[in-house]
Amino acid sequence: MSEESDLEKTEPASPRRLEKAREEGQVVRSRELATFVMLMTGVTGLWTMGGMLGRGLNQVMQGALRFEPATAFDTSRMLSGFASMIWESLLAFLPLLLLFGLAALAAPLLLGGWMFSTKSLMPNFGRLSPSAGLGRMFSTHSLAELVKAIAKSLLVGSVGAWVLWHRLPDAIALMNAPVQEALLHMVDLVLHCCLMVALSLLLVAAIDVPFQYWEFYKKLRMTKEEVKQEFKESEGDPQIKSRIRQQQRAIARRRMMSEVPKADVVVTNPTHFAVALRYEEGRMSAPRVVAKGSDEVAARIRALAAEHRVPLMSAPPLARALHRHVELGQEIPAGLYTAVAEVLAWVYQLKHWHHSQGPQPQAPSDLTVPDELAVPERTT
């Protein structure tokens, strides 16, 4: 049989296939969404914490540019001052770095969630294959990434140019403003431009996320043969399960037949059904069905009962009701107490007759079965 191509993968991925893909490190991811989250986090952080960051860096610059003659001739003091300057710079950037860290942790929750998999870290030498590399290079995914990169560059460049064009008078006016005021306005201009560029990436992310979902589930689609094979692996081969059920039924039937010789009486239809009853006074609250069957199984029950001299009684309505409403090992329902009591009374009279001779007891007739437990007679 020839290998199945991707065109034959028409079935959606099963839950087991999706779970296996997640274990291997394959989840839906959108770099555009992550880029948008990080850029918005950076712009928001600079907008809200820019003053604090500027004051901290200003202090670092003042300390770095301050001239101390003792430091110029002492290398150890120079190194300690340099280390102190680096530490103060890190403290100034720490709130912004923490904000970026939280954004990096929160971004995966928006798409696919967190995932920890060691399988993705295992070496895959198949990626070193030149043919596989060429296949990836000229694949639909690479083409889509190329189109997306070009569109993103055009969009970001257009938005940036539009913002700068509309803020061009403000930028020119900075040349005549005082240094301190010019710096503040320049920072505001840069942040405004970054904000508009970051917002433009929201459009890119809104297009990329559905595409990533579509490509992910398309890549995991299955052929009909794979679906059948997975069903066999998870549920088991139907033929094997059928043989197991047959063996289980055979074992249950043998176990049931072993109870027939211990029964007190077998109620028959007389040909279609046979139900074996047993009652132990003091141990059972009501008679219990120890074996039952229809047609061939009923014939075996009758033959086994006759072989072990278990009384057989023809009572079609009662046999049908017992066969329909009482499972193996269960006690009979209260509605059949009266009818079964008459049958057991006849069985005890029959045992007494075998021991003491005398007139043979007559089997009860017209046993009453409640309407709610009555079963219509079979026509075939």
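Above this text you will find the structure in question.
Throughout what follows, the structure given in this document is the object of discussion. Since we're looking at a predicted model, the values are computed, not measured. (Residues numbered from 1 in each chain as written. Predicted model: local features only at pLDDT ≥ 70, side-chain atom pairs only at ≥ 80, totals over all residues. Heavy atoms only, no water.)

What follows covers helix 12 (residues 316-325). Each α-helix turn comprises 3.6 residues. Residues three or four places apart therefore point the same way. What helix 12 keeps buried is the set Leu318, Ala319, Arg320, Ala321 and Leu322. Where helix 12 is buried, its residues contact strand 1 (265-268), strand 2 (273-278) and helix 13 (337-356). (Buried < 20%, exposed > 50% of the residue type's maximum accessible area, 1.4 Å probe, protein only. Helix = DSSP H or I, 4+ residues; strand = E, 2+ residues; numbered from the N terminus. Contact = heavy atoms within 4.5 Å.)

Below, the discussion takes up empty space enclosed by the protein. This model, assessed by the stated rule, comprises one cavity of 30 Å³ or more. Quantified by volume, the largest cavity comes out at close to 40 Å³. Gly45, Leu46, Met49, Gly50, Met52, Leu53, Ala92, Pro95 and Leu96 are the residues that line the largest cavity. Of all the elements in the fold, those that place two or more residues in the lining of the largest cavity are helix 2 (31-65) and helix 4 (75-106). Broken down by element, the lining of the largest cavity gets its largest block of residues, six residues, from helix 2. For the lining of the largest cavity, a count of residues per class yields seven nonpolar, two polar and no charged. (1 Å grid on protein atoms, 1.4 Å probe; cavity = no way out; pocket = protein on both sides within 12 Å on 5 of 7 lines; lining within 4 Å. Points joined across faces, edges and corners; volume = space filled by probe spheres on them. Nonpolar A, V, L, I, M, F, W, Y, C, P; charged D, E, K, R; others polar.)

Let us now look at the pairing of strand 2. Strand 2 sits mainly inside the fold: five of its six residues count as buried. Inspection of the sheet shows strand 1 paired to strand 2 by four bridges, in the antiparallel sense. Within the sheet, the bridge partner assigned to valine 266 lies in strand 2 and is alanine 276. What sits between the antiparallel neighbours strand 1 and strand 2 is a turn of four residues. Both strand 2 and strand 3 (residues 288-294) contribute to a ladder of six bridges, which runs antiparallel. (Pairing = 2+ DSSP bridges.)

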